[in-house]
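# Observations on the three-dimensional arrangement
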Amino acid sequence: MSAPQIQIVPSVLPADFSRLGDECQALEKAGVDRIQWDVMDGVFVPNLTFGPDVIAACRPLVDVPFEAHLMVVEPDELLPRYVEAGCELLIVHAEACRHLHRTLGLIRDLGASPAVALNPATPAVAVQHVLDLVDEILVMTVNPGFGGQDYIATMEPKVREVRQMIELSGRDIDLEVDGGIGPSTVAGAAAAGANVFIAGSALFRDPEGQAHAVSEIRALAEAARG
Ligand code: DX5
């Protein structure tokens with residue numbers, strides 16, 4: 001199996017919410033592979049963000065795929081809305097789904113790619129019995145709810161464990177990390193086995209611009225994999 005493709009995916013959480021369409025167009029121009037919408041319900045996490053109509057408004061402005069990171073309790077009812085809004089990949093949290101196996105199947109039935117996220121305290125074994133249902137596993141490297149937090153380096157052994165589970169499964173599953181990813185942290189996550197990198201602050205705060213941040217993080221991830 002060839003090494004999974006490195007993908008740089010911005011979170012729009014740090015974006016200027018009064019210009020989200022322009023911000024998506026700038027991110028596409030900067031060379032990102034996808035755009036992630038951090039959807040928060042104020043219950044699973046102590047923050048509230050994007051409804052499906054906000055995402056739908058931006059969908060026609062760019063060609064890059066959208067993914068929704070659903071930090072939402074019991075997301076089943078909302079899944080069709082985010083697919084209709086134009087999200088091709090839906091990430092649900094193992095901790096937020098009463099019936100995770102069923103929820104992931106619902107996402108596939110809607111024609112979208114299912115993915116499952118693990119909070120820092122949740123062990124890798126929580127996804128052991130749904131590997132056949134997902135196209136991606138997200139290992140959170142911060143506690144969800146806010147951007148600009150410090151990377152939790154103690155998640156790297158979990159990233160390594162999930163990568164081993166994926167390899168043993170023989171399935172083509174992406175391993176995404178999210179939270180505190182930037183030039184000083186991406187190498188550790190890549191060396192541990194991540195291939196999809198969510199970056200919010202690192203992209204929006206790079207003094208040399210977003211294109212520089214994207215290419216720098218991509219190059220550091222490639223180099224760390226050897
Ligand atoms: C937390 C969010 C953040 C965001 C990225 O719920 O998911 O991790 O996407 O934030 P930065 O890149 O600023 O740490």
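Scanning the protein chain from N- to C-terminus turns up eight helices and eight strands. Relative to the globule expectation of 17 Å for 226 residues, the C-alpha radius of gyration of the protein chain, 16 Å, shows essentially globular dimensions. When its C-alpha atoms are laid out on the principal axes, the protein chain stretches across 40 × 40 × 30 Å. Across the 226 residues of the protein chain, 54% fall into the buried class. Partitioning the contacts of the protein chain with sequence separation of at least 6, the portion at a separation of at least 24 is 64%. Total accessible area on the protein chain is roughly 9,600 Å²; 52% of this is exposed by carbon and sulfur atoms. Here the protein chain carries 15 positive and 32 negative side-chain charges, and the mean point of each set is 2 Å from the other.

Turning our attention to helix 8 (residues 210-225). End to end, helix 8 covers 23 Å across 16 residues, agreeing with the expected 22 Å (1.5 Å per residue, within 8%). Residues of helix 8 that are buried: Q210, A213, V214, I217 and A221. The buried residues of helix 8 occupy an angular sector of 100 degrees when the element is viewed end-on, so they sit on one face. G226, located one to two residues past helix 8, shows a positive phi value of around 80 degrees.

Moving on to the pattern of salt bridges. One pass over the full model with this rule turns up 11 salt bridges. A salt bridge links R19 to E23; the nearest nitrogen and oxygen atoms lie 3.6 Å apart. We classify R19 as partly exposed; its relative accessible area is 37%. Accessibility expressed as a relative area gives 9% for E23, which makes it buried.

Right, let's talk about the site of the ligand for a bit. The environment of the ligand is formed by 18 residues, the closest being D38, G145, D178, G200 and S201. Separating an oxygen atom of the ligand from a backbone N or O atom of G180 is a distance of 2.8 Å. Its residues assigned to classes, the shell around the ligand comprises seven nonpolar, nine polar and two charged.

With that out of the way, let us pick up the packing of aromatic side chains. Applying the stated rule across the entire model yields three aromatic pairs. Relative to F50, the ring of F17 lies with its centre 5.1 Å away and its plane at 55 degrees, an arrangement referred to as tilted. Separated by 33 residues along the polypeptide, F17 in the loop between strand 1 (7-10) and helix 1 (20-29) and F50 in the loop between strand 2 (35-40) and helix 2 (52-58) bring together distant segments of the chain. Assessed through its relative accessible area of 43%, F17 is described here as partly exposed. Relative accessible area serves as the criterion here: at 4%, F50 is assigned to the buried category.

Turning to the nonpolar core, a few remarks are in order. Formed by 72 residues in total, the largest nonpolar core has its most connected members in W37 and F197. When sequence neighbours within four positions are dropped, the list of residues in contact with F197 reads I6, Q7, I8, V9, V177, I181, V186, A189, A190 and A221. If you look at the next biggest cluster of nonpolar residues, it comprises seven residues, including L89, A115, M140 and V142.

Here we come to the pairing of strand 5 (residues 113-118). In terms of residue burial, strand 5 counts as a mostly covered element, since five of its six residues are buried. With five bridges joining them, strand 4 (residues 87-93) and strand 5 adopt parallel strand pairing. When the bridges of strand 5 are listed, V92 appears paired with V116.

What counts, and at which threshold
Residues numbered from 1 in each chain as written. Predicted model: local features only at pLDDT ≥ 70, side-chain atom pairs only at ≥ 80, totals over all residues. Heavy atoms only, no water. Helix = DSSP H or I, 4+ residues; strand = E, 2+ residues; numbered from the N terminus. Rg over C-alpha atoms; globule rule 2.2 N^0.38 Å. Buried < 20%, exposed > 50% of the residue type's maximum accessible area, 1.4 Å probe, protein only. Contact = heavy atoms within 4.5 Å. Areas by Shrake-Rupley, 256 points an atom, 1.4 Å probe, with all protein chains shown as cover. Lys, Arg positive; Asp, Glu negative; His and termini not counted. Charge placed at Lys NZ, Arg CZ, Asp CG, Glu CD. Expected span 1.5 Å × (residues − 1). Arc of directions from axis to C-beta. Salt bridge = Lys/Arg side-chain N within 4 Å of Asp/Glu carboxyl O. Near = heavy atom within 4 Å. Polar contact = N/O pair within 3.5 Å; in protein donor to acceptor, adjacent residues only side chain to side chain. Nonpolar A, V, L, I, M, F, W, Y, C, P; charged D, E, K, R; others polar. Phe/Tyr/Trp six-rings, centres within 6.5 Å; stacked < 30°, edge-to-face > 60°. Core = buried A, V, L, I, M, F, W, Y, C linked by side-chain atoms within 4.5 Å. Pairing = 2+ DSSP bridges.

That's the geometry; what it means functionally is another story.
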